[in-house]
Amino acid sequence: MSGRTHAGSCPERTCVGCRERAAKDELLRIVKIEDECVPDPRGTLPGRGAYVHPAPVCLDQAVRRRAFTRALRAPGALDTKALRRYVEQTTVAEQAAP
């Protein structure tokens, strides 16, 4: 026996906002396109990615700590307006759904 379990393992990532580990499918992938943080909900955009919970609290923490700049290895500040808009829209949609 190799000692390995045959149960399906789920990949984990760390949220750059709250620094908690979570399943990859619970987090939102963020990529850098030019000087902007862009949400990548399908996880198919090319480039280095950072993960954050799709919640305004985690997004605020990540922006305050400049975590996207470090995680995406950007030389300067990144614009997060599109990312904030996406997170706010998904939060409103989740609250409206029963």
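Residues numbered from 1 in each chain as written. Predicted model: local features only at pLDDT ≥ 70, side-chain atom pairs only at ≥ 80, totals over all residues. Heavy atoms only, no water.

(A) Just the packing of helix α1 (residues 56-64) against helix α3 (residues 81-96), in detail. Two elements in contact, α1 and α3, have axes whose closest approach is 10 Å; the angle formed by their N-to-C orientations is 165 degrees. Accordingly, the angle class assigned to the pair α1 and α3 is roughly antiparallel. Pair α1 / α3 crosses with left-handed handedness. For the pair α1 and α3, the contacting residues are Pro 56, Leu 59, Asp 60 and Val 63 in the first and Leu 83, Arg 84, Val 87 and Thr 91 in the second. (Axes fitted to C-alpha atoms, helices over the stretch in contact; angles between N-to-C directions. Helix = DSSP H or I, 4+ residues; strand = E, 2+ residues; numbered from the N terminus. Parallel < 35°, antiparallel > 145°, perpendicular 65-115°, else oblique. Left-handed = near helix turned anticlockwise from the far one by under 90°. Contact = heavy atoms within 4.5 Å.)

(B) View of α1. Among the residues of α1, those classed as buried are Cys 58, Leu 59 and Ala 62. Buried residues in α1, looked at end-on, bunch into an arc of 100 degrees, giving them a common side. Those residues of α1 that are exposed and angled more than 90 degrees off the buried face are Val 57 and Arg 64. Elements in contact with the buried residues of α1: β5 (49-52), α2 (67-71) and α3. The positive-phi residue at the C-terminal boundary of α1 is Arg 66, with phi of around 55 degrees. (Buried < 20%, exposed > 50% of the residue type's maximum accessible area, 1.4 Å probe, protein only. Arc of directions from axis to C-beta.)

(C) Main features of the nonpolar core. In terms of nonpolar packing, the biggest core is built from 20 residues, with Val 16, Ile 30, Cys 37, Val 52, Phe 68, Leu 72 and Leu 83 touching the most fellow members. Elements that contribute at least two residues to this core include exactly β3 (28-33), β5, α1, α2 and α3. Here Leu 83 is in contact with Leu 28, Ile 30, Cys 37, Pro 39, Leu 59 and Phe 68, once residues within four sequence places are set aside. (Core = buried A, V, L, I, M, F, W, Y, C linked by side-chain atoms within 4.5 Å.)

(D) Focus on the pattern of salt bridges. According to the stated counting rule, one finds three salt bridges in the structure shown. Glu 12 is the partner of Arg 21 in a salt bridge, and the nearest nitrogen-oxygen pair spans 3.2 Å. Judged by its relative accessible area of 54%, Arg 21 is exposed. Salt-bridge contacts for Asp 60 lead to Arg 84; the nearest nitrogen and oxygen are separated by 2.8 Å. Placement of Asp 60 in helix α1 and of Arg 84 in helix α3 is noted, with a sequence separation of 24 residues between them. Take Asp 60: its relative accessible area is 37%, and that puts it in the partly exposed class. (Salt bridge = Lys/Arg side-chain N within 4 Å of Asp/Glu carboxyl O.)

(E) Summary view of unusual backbone geometry. Backbone geometry at Glu 34 places phi at a positive 55 degrees, although glycine is not the residue there. Its location among the elements puts Glu 34 in the loop between β3 and β4 (36-40). Judged by its relative accessible area of 70%, Glu 34 falls in the exposed class. Of note, Arg 73 is a non-glycine position whose phi angle comes to about 55 degrees, a positive value. Position of Arg 73 among the secondary structure elements: in the loop between α2 and α3.

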